[in-house]
Amino acid sequence: MDSVLRVVRPDGREPFILLVEAQTGIETKKETSWPYYVAYLRDRYRLEVVLLVLCVDTATAAWAARPLRTGLGRPTQVTVPHVLGPANVPRVSRIQDASADLDFAAFCLWIHSNDPDIEGILTVMGEALAQDTDREARDDLAGLIEDGLGSEHARKIWRNLMETLFTPRRGTIVGDARLAGQEEGREEGLEEGRVAGKSEQLLRLMERRGFSMTEEIRQRVTTCTDMPVLDLWFDRAIDATTLDEVFASPSVTDRVPAPAQSPEQTTALSQGLSTPDTSTD
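Since we're looking at a predicted model, the values are computed, not measured.

Trainee: Can you walk me through the overall build of the protein chain in this structure?
Mentor: Secondary structure assignment for the protein chain yields twelve helices and six strands. Buried positions account for 32% of the 281 residues belonging to the protein chain. Sequence-distant contacts in the protein chain: of pairs separated by 6 or more residues, those separated by 24 or more amount to 58%. Counting every atom, the protein chain has about 18,300 Å² of accessible surface; 53% of that belongs to carbon and sulfur.

Structural data, given as structure tokens:
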């Protein structure tokens, strides 16, 4: 389960369990796991359970909204998820609407993160955030928005907006420290972007090849931060026939680039690998 919350109602009525599932695509296995989650939580906590599914595209939302029935003849159990997606979550396109409730606007932004005009949506959100006088809360929300964006393209747009709208002032202790941190983190950010892009390409390639993409496989790819290893998996996935072939341990015939060495390290390595003197006195 993605998130399980115990919701206490302000009017004093009995609490309930809110089960939140985030779906970026159709997963048929959820058609059996969702009814199980609901039944398990109902039995364990003896509270009513609400299943809420968050979707970023209309096709996934339509699939998730279907009643899930089990039984012969008359259904023994029916699970009907509550679904929030682009069709029933507002698209915040005005700065004043976003400023009125920044948290809700951020949620709407995530739901519409696959919108063709994502740049326009992000610009509206950025302008609204720039008007917020609570700098600490603003910076926290800006970070959360970036974390919730699924594509590297959208993240790049958001980072550019943040640098344009929230450029710290030079000549102050905080401003100089933030600018120094931005310079240091820029290279790290570029490398992270390359790794994320390669991960997305690898997942898409394996899906197009028809491999069975379990959540475990997706996690293995998206959590790998070693670019040479991702390159190796990508090369193998082009003509591999099984996932075991893709993820097998590197062999001596695999071309896995070694980390770059400094001149001092290169000299030391060449000395260490020189042919030893085999003569004896």
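Trainee: Got a minute to help me understand the sheet that holds strand 6 (residues 82–84) in this structure?
Mentor: Where strands meet in a sheet, backbone hydrogen bonds hold them as pairs that are either parallel or antiparallel. Spatial strand order, 1-2-3-6: four strands in an open sheet with mixed pairing. Pairing within the sheet leaves two strands with one partner each, and these edge strands are strand 1 (3–7) and strand 6. Within the sheet, the average angular offset between the axes of one strand and its neighbour, ignoring direction, is 25°. Sheet topology places strand 2 (residues 16–23) next to strand 3 (residues 49–55); seven bridges connect them, and they run parallel. Note that in strand 3 the partner of Leu18 across the bridge is Val50. Its contacts with the sheet put helix 1 (residues 30–45) on strand 1, strand 2 and strand 3, and the angle it makes with strand 2 is roughly 160°.

Trainee: Teacher, can you tell me more about the packing of aromatic side chains here?
Mentor: Note on aromatic pairs: each is described by the distance of the centres and the angle between the planes. Under the definition given, this model contains five aromatic pairs. Judged by centre distance (6.3 Å) and plane angle (55°), the ring pair of Tyr36 and Tyr37 falls under tilted. Take Tyr36: its relative accessible area is 52%, and that puts it in the exposed class. Through a chain of ring-to-ring contacts, three or more aromatic side chains come together here, namely Tyr36, Tyr37 and Tyr40.

Trainee: Help me understand the layout of surface pockets, please; the structure alone is not making it clear to me.
Mentor: Unfilled space is identified by rolling a water-sized probe across the atoms. In this structure, the largest pocket encloses a volume near 1,800 Å³. At the level of secondary structure, the elements contributing two or more residues to the lining of the largest pocket comprise strand 2, helix 1, strand 3, helix 4 (102–111), helix 6 (135–148), helix 7 (152–165), helix 8 (173–209) and helix 9 (215–222). If you tally residues by element for the lining of the largest pocket, the top one is helix 8, at eleven residues. Classifying every residue of the lining of the largest pocket gives 17 nonpolar, 15 polar and 17 charged.

Trainee: What exactly am I supposed to notice about empty space enclosed by the protein here?
Mentor: Counted by the stated rule, this structure contains one cavity of 30 Å³ or more. Around the largest cavity sit Arg91, Val92, Ala98, Ala105, Cys108, Leu109, His112, Ile121, Val124 and Met125, which together line it. Broken down by secondary-structure element, the contributors of at least two residues to the lining of the largest cavity are helix 4 and helix 5 (118–130). Across the lining of the largest cavity, the residue classes tally to eight nonpolar, one polar and one charged.

Trainee: So what exactly am I meant to see when it comes to the pattern of salt bridges here?
Mentor: Enumeration according to the criterion identifies 15 salt bridges in this entry. In this structure, Glu21 engages Lys30 in a salt bridge whose closest nitrogen and oxygen atoms are separated by 3.0 Å. Across the pair, exposure class does not vary: Glu21 and Lys30 are buried alike. Residue Arg66 pairs with Glu31 through a salt bridge whose shortest N-O separation is 2.7 Å. With Arg66 in the loop between helix 2 (58–64) and strand 4 (68–70) and Glu31 in helix 1, this residue pair connects regions lying 35 residues apart in the sequence. For Glu31, a relative accessible area of 27% corresponds to the partly exposed category. A single network of salt bridges, built from pairs that share partners, joins Glu21, Glu27, Lys29 and Lys30.

Trainee: Can you help me understand the pairing of strand 3 in this one?
Mentor: Put simply, side chains in a regular strand alternate between the two faces of the sheet. Among the seven residues in strand 3, six count as buried, and that is most of the element. Note on the crossover from strand 2 through helix 1 to strand 3: the handedness is right-handed.

Trainee: Whenever I open this one, the nonpolar core confuses me. Can you help?
Mentor: As a rule of thumb, nonpolar side chains are buried together in soluble globular proteins. Membership of the largest hydrophobic core comes to 31 residues, with the highest contact counts inside it found for Leu122, Met125, Leu129, Ile145 and Trp158. Contributions of two or more residues to this core are made by strand 2, strand 3, helix 4, helix 5, helix 6 and helix 7. In terms of residue count, helix 5 provides more of this core than any other element does, seven residues in total. Leave out the neighbours within four places in its chain, and Met125 touches Ala98, Leu102, Ala105, Ala106, Leu109, Leu141, Ile145 and Trp158. Formed by 18 residues, the second largest nonpolar core is a distinct cluster that contains Leu205, Met206, Leu230 and Val246.

Conventions adopted
- Residues numbered from 1 in each chain as written.
- Predicted model: local features only at pLDDT ≥ 70, side-chain atom pairs only at ≥ 80, totals over all residues.
- Heavy atoms only, no water.
- Helix = DSSP H or I, 4+ residues; strand = E, 2+ residues; numbered from the N terminus.
- Buried < 20%, exposed > 50% of the residue type's maximum accessible area, 1.4 Å probe, protein only.
- Contact = heavy atoms within 4.5 Å.
- Areas by Shrake-Rupley, 256 points an atom, 1.4 Å probe, with all protein chains shown as cover.
- Pairing = 2+ DSSP bridges.
- Axes fitted to C-alpha atoms, helices over the stretch in contact; angles between N-to-C directions.
- Phe/Tyr/Trp six-rings, centres within 6.5 Å; stacked < 30°, edge-to-face > 60°.
- 1 Å grid on protein atoms, 1.4 Å probe; cavity = no way out; pocket = protein on both sides within 12 Å on 5 of 7 lines; lining within 4 Å.
- Points joined across faces, edges and corners; volume = space filled by probe spheres on them.
- Nonpolar A, V, L, I, M, F, W, Y, C, P; charged D, E, K, R; others polar.
- Salt bridge = Lys/Arg side-chain N within 4 Å of Asp/Glu carboxyl O.
- Right-handed = clockwise from strand over helix to strand, strands pointing away.
- Core = buried A, V, L, I, M, F, W, Y, C linked by side-chain atoms within 4.5 Å.

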